[in-house]
Structures are given as structure tokens and as C-alpha cells.
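Each chain, written out:
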Amino acid sequence: MGSVIFIGAIVALVALLFFSKASFKPLRLIGRIAVRFVVGALFLFCVNLFGESVGIHVPINIVTTGVSGLLGVPGVAALIVIKQFIAI
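Predicted, not measured: the structure shown is a model, and the values here were computed from it. For every chain, the first residue of the written sequence is number 1, and numbering continues from 1 onward in sequence order. Local features in a predicted model are, by the rule used here, given only for residues with pLDDT of at least 70; side-chain atom pairs are given and counted only at 80 or more, and totals for whole chains, interfaces and linings are based on all residues. To get the side-chain values, take all heavy atoms of the structure and skip hydrogens and water.

What follows is about the overall build of the protein chain. Here a strand is any run of E in DSSP of at least two residues, a helix any run of H or I of at least four, and the numbering for each starts at the N terminus. Within the protein chain, the regular secondary structure consists of four helices and zero strands. Taken from the N to the C terminus, the helices and strands of the protein chain come in the order α-α-α-α. This radius of gyration counts C-alpha atoms alone. The globule rule is 2.2 Å times how many residues there are, raised to the power 0.38. Relative to the globule expectation of 12 Å for 88 residues, the C-alpha radius of gyration of the protein chain, 18 Å, shows a markedly less compact shape. Overall, the protein chain is about 55 × 30 × 20 Å in size when its C-alpha atoms are taken along their principal axes. Note on exposure labels: buried denotes an accessible area under 20% of the residue type's maximum, exposed denotes more than 50%, and partly exposed covers the range between, all computed with a 1.4 Å probe on protein chains only. Evaluated residue by residue, the protein chain yields a buried proportion of 17% over its 88 residues. The contact definition used throughout considers only heavy atoms, calling two residues in contact when any of these lie within 4.5 Å. If you take every contact in the protein chain between residues at least 6 apart in sequence, the share linking residues at least 24 apart comes to 49%. Roughly 6,700 Å² of accessible area belongs to the protein chain as shown, and the carbon and sulfur atoms make up 79% of that amount. Accessibility throughout is a Shrake-Rupley quantity obtained with a 1.4 Å probe, and a residue counts as covered only by protein chains that appear here.

Shown next, in the form of C-alpha cells:
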């Protein structure tokens, strides 16, 4: 029941913004950041899946997901290097 209320609240908020003629730029920005976080989490999952054979594991949490999503491949490389230095 809680998910129905949550989805209803989001729909009501979007309808309110639409009828008040508010700018959708903040929503677009939040959407782009959310997509990048999801892509970052998937990328970390793939790195952990394939890096398992060589002993590479980067935990998937909000910080590492944000770094990998917003910075891309250099961010993941930095996370791997940091993880290797901390593990020593």
C-alpha cells in the first residue's frame, strides 16, 4: 500500500508543477543525476563481477555509486586504486 501512496504523491507533484507552469529544469537535472547513479551502480556491479577473478572488489554504496556515475571510467579506476591502497 505504501508504494501506491508514493507513486500517487509523485504523480500529484508532477501534475501540480505542470499546472503551475513551473520550470521542469530542476526535475530534468534530478532525473539525469538519478540515471547516472543507476548506470554507476551497474558499472560497479560489472567491475565486481569480472574483477572477482583477479581479486578486485569495490563495495556498492551511495558514495561509490555517485563517484562512478558522475565521473565514469576514471572514477571507477580511482576507486579501484584507492581500494587497493587501503587494503594494503
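The rest of the description comes next.
A surface patch of nonpolar side chains, about 640 Å² in accessible area, is lined by Phe 6, Ile 7, Ile 10, Val 11, Val 14, Leu 27 and Ile 30. Counting residues per element, the ones that place at least two in the nonpolar patch are helix 1 (2–19) and helix 2 (25–51). No other element matches the five residues that helix 1 contributes to the nonpolar patch. Position of Ile 7 relative to the elements: it lies in helix 1. Overall, Ile 7 belongs to the exposed group, its relative accessible area being 51%. Each patch is built from residues lacking any salt bridge and having more than 30% relative accessible area; the joining distance is 9 Å for like charges and 5 Å for nonpolar side chains (Val, Leu, Ile, Met, Phe, Trp, Tyr). For this document, the term salt bridge refers to a Lys or Arg side-chain nitrogen within 4 Å of an Asp or Glu carboxyl oxygen.

Take the packing of helix 2 against helix 3 (residues 62–71) next. In this analysis an axis means a line fitted to C-alpha atoms, helices contributing only their contacting stretch, and an angle means the value between N-to-C directions, from 0 to 180 degrees. Where helix 2 contacts helix 3, the two axes come as close as 7 Å, and the packing angle between them is 100°. Put simply, helix 2 runs roughly perpendicular to helix 3. Within the contact between the two elements, helix 2 uses Arg 36, Phe 37, Gly 40, Ala 41 and Leu 44 and helix 3 uses Ile 62, Thr 64, Thr 65, Gly 66, Ser 68, Gly 69 and Leu 70. Here the nonpolar group is Ala, Val, Leu, Ile, Met, Phe, Trp, Tyr, Cys and Pro; Asp, Glu, Lys and Arg are the charged ones; every other residue, Gly included, is treated as polar. The class makeup of the residues in the contact of helix 2 with helix 3 is five nonpolar, six polar and one charged. Note on angle classes: values under 35 degrees are labelled roughly parallel, values over 145 roughly antiparallel, values of 65 to 115 roughly perpendicular, and the remainder oblique.

Before going further, it helps to spend a moment on helix 4 (residues 73–87). In a helix, the anticipated span is given by 1.5 Å times the number of residues less one. Taking 1.5 Å as the rise per residue, helix 4 with 15 residues should run 21 Å; its terminal C-alpha atoms sit 21 Å apart, in good agreement. Looking only at helix 4, the buried set comprises Gly 75, Val 76, Leu 79 and Ile 80. When helix 4 is viewed along its axis, its buried side chains cluster within an angular range of 140° and face the same direction. Opposite the packed face of helix 4, turned more than 90 degrees from it, sit the exposed residues Val 73, Pro 74 and Phe 85. In this context, the arc is that of the directions from the helix axis out to the C-beta atoms.

As a further point, take the nonpolar core. Core analysis: the largest hydrophobic core is formed by six residues, namely Leu 44, Val 47, Val 58, Val 76, Leu 79 and Ile 80. When residues in this core are grouped by element, the largest group, three residues, is from helix 4. Contacts of Val 76, omitting those with residues within four sequence positions, involve Phe 43, Leu 44, Val 47 and Ser 68. Only buried residues count toward a nonpolar core. Its members are Ala, Val, Leu, Ile, Met, Phe, Trp, Tyr and Cys residues joined through side-chain atoms within 4.5 Å.

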